[in-house]
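The chain contents come next:
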Amino acid sequence: LGLGRRTREELRETVARLLPASLGPPRQVIVRAASAGEGNGGAVEDAVEAVSHDLRDRDVVLVVLGRGSDGNVVRQSLDVADALRRLADGNVEADGMALEALRGAAAQDGRCAAFETTAVTVGKENSSGKKMLVILLPEDGLEGALSSIAGALGRVARLLRGEG
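These remarks concern the structure in this document. (Residues numbered from 1 in each chain as written. Predicted model: local features only at pLDDT ≥ 70, side-chain atom pairs only at ≥ 80, totals over all residues. Heavy atoms only, no water.)

1. Examining the overall build of the protein chain
Next up, step 1: In terms of helices and strands, the protein chain carries six helices and six strands.
Next up, step 2: The helix and strand sequence of the protein chain, counted from the amino end, reads β-β-α-α-β-α-β-α-α-β-β-α.
Next up, step 3: Intrachain contacts of the protein chain at a sequence separation of at least 6 include 72% that bridge at least 24 residues.
Next up, step 4: Put simply, the protein chain shows about 7,500 Å² of open surface, and 49% of that area lies on carbon and sulfur atoms. (Helix = DSSP H or I, 4+ residues; strand = E, 2+ residues; numbered from the N terminus. Contact = heavy atoms within 4.5 Å. Areas by Shrake-Rupley, 256 points an atom, 1.4 Å probe, with all protein chains shown as cover.)

2. Some points on the pattern of salt bridges
Pairs can form between side chains of opposite charge once their charged atoms are near each other.
Next up, step 1: One pass over the structure, following the stated rule, counts six salt bridges.
Next up, step 2: Between Glu116 and Arg85 there is a salt bridge; the shortest N-O distance is 2.4 Å. Taken together, the residues Glu116 in the loop between α5 (92-108) and β5 (118-123) and Arg85 in helix α4 (residues 73-87) connect sequence positions 31 residues apart.
Next up, step 3: For Glu116, a relative accessible area of 25% puts it in the partly exposed group.
Next up, step 4: Look at Arg85 and you get partly exposed, because its relative accessible area is 39%.
Next up, step 5: Across the pair Asp109 and Arg111 runs a salt bridge, and its minimum N-O distance is 2.7 Å. (Salt bridge = Lys/Arg side-chain N within 4 Å of Asp/Glu carboxyl O. Buried < 20%, exposed > 50% of the residue type's maximum accessible area, 1.4 Å probe, protein only.)

3. So, the pairing of strand β6 (residues 131-138)
Every other side chain in a regular strand lies on the same face of the sheet, so the side chains alternate between the two faces.
Next up, step 1: With respect to burial, β6 is a largely interior element, seven of its eight residues being buried.
Next up, step 2: Of the strand pairs in this sheet, strand β4 (residues 60-65) and β6 are connected by six bridges, and their pairing is parallel. By the bridge assignment, Leu65 is partnered in β6 with Pro138.
Next up, step 3: Here β5 runs beside β6; their pairing, made up of six bridges, is antiparallel. Note on β6: the bridge partner recorded for Thr121 is Leu133. (Pairing = 2+ DSSP bridges.)

4. Points about the pairing of β4
Next up, step 1: Within β4, six of the six residues are buried, which leaves it mostly tucked inside the rest of the structure.
Next up, step 2: Here β4 shows two buried faces, one formed by Val60, Leu62 and Val64 and the other by Val61, Val63 and Leu65.

5. Re helix α1 (residues 8-18)
Next up, step 1: Every buried residue of α1 is accounted for by Leu11, Thr14 and Val15. Angularly, the buried residues of α1 cover 95 degrees about the axis, an arc narrow enough to put them on a single face. (Arc of directions from axis to C-beta.)

6. With respect to the nonpolar core
Next up, step 1: By size, the foremost hydrophobic cluster in this structure holds 25 residues, and its most contacted members are Leu62, Met97, Leu133, Ile135, Leu137 and Leu153.
Next up, step 2: Breaking this core down by element, the ones donating at least two residues are α1, β4, α5, β6 and α6 (142-160).
Next up, step 3: When near neighbours in sequence (up to four residues on either side) are disregarded, Met97 contacts Ala119, Leu133, Ile135, Ile149, Ala152, Leu153 and Val156.
Next up, step 4: Among the nonpolar cores identified, the runner-up in size contains 18 residues, and Val44, Val51, Phe115 and Val122 belong to it. (Core = buried A, V, L, I, M, F, W, Y, C linked by side-chain atoms within 4.5 Å.)

7. Thoughts on the packing of α1 against α6
Next up, step 1: Where α1 meets α6, the axes come as close as 10 Å, and the angle between the chain directions of the two elements is 30 degrees. On the basis of their axis angle, the class for α1 and α6 is roughly parallel. Every pair of crossing elements has a handedness; the one defined by α1 and α6 is right-handed. Contacts from Leu11, Thr14, Val15, Arg17 and Leu18 of α1 reach α6 at Leu142, Glu143, Leu146, Ser147 and Ala150.
Next up, step 2: Of the residues in the contact of α1 with α6, the class split is six nonpolar, two polar and two charged. (Axes fitted to C-alpha atoms, helices over the stretch in contact; angles between N-to-C directions. Parallel < 35°, antiparallel > 145°, perpendicular 65-115°, else oblique. Left-handed = near helix turned anticlockwise from the far one by under 90°. Nonpolar A, V, L, I, M, F, W, Y, C, P; charged D, E, K, R; others polar.)

Here it is in structure tokens:
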């Protein structure tokens, strides 16, 4: 399945290449590429479904939004970010993570400056208060975003797991 310019496998390889030291085993990172095609509904539903049900056992979930057929990734990012925020438990640290990711994405591709990069914490099911970090990132500035937050992601994941 092609999303934006890259396949899911290409996105996974990009994440594995840029984040291996910060998150430990690759199983801790899932790339969920939200399909942005017919309107924004598909992208929003994909992201919410993944975070609400499919990925509740992860520490970090990256939602990578690719450019849809209409090319309006900014509008789609606003809709997906809004849906993710409704699932969030809220965390000031997550706002800083989003800002760093946005800076990195925009440095790689200036069009990403208007993308609604978002980072929220969401409670894990049946985990006595543990949380996971969900980050919405643009495909076009993915490498820049990941490079900017790679070091911090490892620390945040350890904190969310309760490891200090």
